[in-house]
Amino acid sequence: MARRPTPIGTPQPTGLAHVIDLVRTTIPPLHPAGLPFVLAPLGVAALGRRRPWIRNTALLASGACAAFFRHPHRVPPNRVNVAVSPADGEVALVDSAVPPAELNMGDQPVPRVSIFLSVLDVHVQRSPVAGEVLQVVHKAGSFLSADLAEASEANERNSMLLRTDSGHEVAVVQIAGLLARRIVCEAGVGDRLPIGDTYGLIRFGSRVDTYFPAGSTLLVERGQRAVGAETILAQLP
C-alpha cells in the first residue's frame, strides 16, 4: 500500500495516541496473505505451551513469517513520467532485453532493470507506474536461483503490462526463485493502478524485472539497493 505524507498543519497526536502512532509507523502491518503462516504456528505454540521447545520454536516461526510478510507503508515520488521500483531488493541487472514473449511487445530489446529479493527483503510487489492493466499472463517454468540471468526466461513467472495515461507501456514481471513456489497477482485486466500501489506477492525468495519503453533513461546502477514504490528506476521518454 502506498500512502501520501501527512498534510502540513495536521495536529500531532499526544499521549497514548502518540505512542500508538509511533508503534504503527515503526512496525509494518502484515500482508493478508501472511495471516495463515503467522496464525498456524501461534496455534501450535498454544497447544504445546507446556513444552518449552515446541512453544518457543512455534513462536519463532510465527515471528519469522510475520517479518517475511511485512507490508510497510511507502510514499511514491510526485515527479511526472517516472517509474519506481516494483520491489525491495538489490539491483541485479541494468541492461536491455527482449520483453517476455507472452506480452507480445515485439522482439526488440528495451531497457530493463532486475531487482533480486532475498528472503530478508519485503516481498510485496508494487506498480512501477500509474496506469491501466492491459495484460496479466502466468507462465509455468523452472525454479532456478533468481539471481541468475537465465531466470528471466526459464523460471515460472507472472507478467503484467501497464499503459500510462501518456501512452507509455511498462511491463513488470514477477519471477519465482529457488525457494519461491507461489506467485500472487491481485491485479486484473482493466484495473487502474496508482503508482506504488501493492498488486502482488512472491513467497520466499524471488526476482522482479521491469521493462521500459525504448528511449527511457535508467537511473539506477547494478548493486544498488532499491526501495519499492520509492526508488526511481527510470525516466520515461
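Everything numeric here is computed off the predicted structure, so don't read it as measured data.

Taking strand neighbours across the sheet as the criterion, the 3 strands line up as S4-S10-S8 in an open arrangement whose pairing is antiparallel. The two strands at the open ends of the sheet, each matched to only one other strand, are strand S4 (124-126) and strand S8 (183-185). The sheet shows a mean angle of 25° between the axes of neighbouring strands, direction not considered. Bridge analysis of S4 against strand S10 (residues 198-202) gives 3 bridges, and the strand direction is antiparallel. Paired with Arg126 across the strands is Thr198, a residue of S10.

This part is about the sheet that holds strand S14 (residues 232-235). Spatially, the 3 strands line up as an open sheet ordered S1-S14-S12, and their pairing is antiparallel. Two strands lie at the open edges of the sheet, namely strand S1 (82-84) and strand S12 (217-218), each paired on one side alone. Examined bridge by bridge, S1 and S14 share 3 bridges and lie antiparallel to one another. If you follow Val82 over to S14, its bridge partner there is Gln235.

What follows concerns a nonpolar patch on the surface. Taken together, the side chains of Leu35, Leu39, Leu42 and Leu59 make up a nonpolar region of the molecular surface, amounting to roughly 340 Å² of accessible area. Broken down by element, the nonpolar patch gets its largest block of residues, 3 residues, from helix H2 (residues 35-47). Inspection of the secondary structure assignment puts Leu59 in helix H3 (residues 52-68). For Leu59, a relative accessible area of 40% translates into the label partly exposed.

Along its 13 residues, H2 runs 18 Å from first to last C-alpha, staying within 8% of the 18 Å computed at 1.5 Å per residue. For H2, the complete set of buried residues consists of Val38, Pro41 and Ala45. On an axial view of H2, the arc spanned by its buried residues comes to 75°, and they lie on one face. Exposed positions of H2 whose direction lies more than 90 degrees from the buried face are Pro36, Leu39 and Leu47.

This part is about unusual backbone geometry. One non-glycine residue, Asn81, lies in the positive phi region at around 60°. Tracing the backbone shows Asn81 in the loop between H3 and S1. The exposure class assigned to Asn81 is partly exposed, which follows from its relative accessible area of 29%. You will see that Ala229, though not glycine, has its phi angle at about 75°, which is positive.

What follows concerns the side chain of Thr198. With respect to the helices and strands, the residue Thr198 is situated in strand S10. Judged by its relative accessible area of 13%, Thr198 falls in the buried class. A distance of 3.5 Å separates a polar atom in the side chain of Thr198 from a polar atom in the side chain of Arg126.

What follows deals with the pattern of salt bridges. Considering all chains together, one arrives at 8 salt bridges under this definition. For the salt bridge of Arg112 with Asp209, the shortest nitrogen-to-oxygen distance reads 3.9 Å. With Arg112 in strand S3 (residues 110-117) and Asp209 in strand S11 (residues 206-211), this pair connects stretches of sequence that are 97 residues apart. For the residue pair Arg112 and Asp209, the accessibility class agrees, reading buried in each case. Asp209 serves as the salt-bridge partner of Arg207, at 3.0 Å between the closest nitrogen and oxygen. On the basis of relative accessibility, which here comes to 0%, the residue Arg207 falls in the buried class. Several salt bridges share partner residues, and in doing so they unite Asp95, Arg112, Arg207 and Asp209 into one network.

What counts, and at which threshold
Residues numbered from 1 in each chain as written. Predicted model: local features only at pLDDT ≥ 70, side-chain atom pairs only at ≥ 80, totals over all residues. Heavy atoms only, no water. Pairing = 2+ DSSP bridges. Helix = DSSP H or I, 4+ residues; strand = E, 2+ residues; numbered from the N terminus. Axes fitted to C-alpha atoms, helices over the stretch in contact; angles between N-to-C directions. Patch = residues over 30% accessible without salt bridge, like charges linked within 9 Å, V, L, I, M, F, W, Y side chains within 5 Å. Areas by Shrake-Rupley, 256 points an atom, 1.4 Å probe, with all protein chains shown as cover. Salt bridge = Lys/Arg side-chain N within 4 Å of Asp/Glu carboxyl O. Buried < 20%, exposed > 50% of the residue type's maximum accessible area, 1.4 Å probe, protein only. Expected span 1.5 Å × (residues − 1). Arc of directions from axis to C-beta. Polar contact = N/O pair within 3.5 Å; in protein donor to acceptor, adjacent residues only side chain to side chain.

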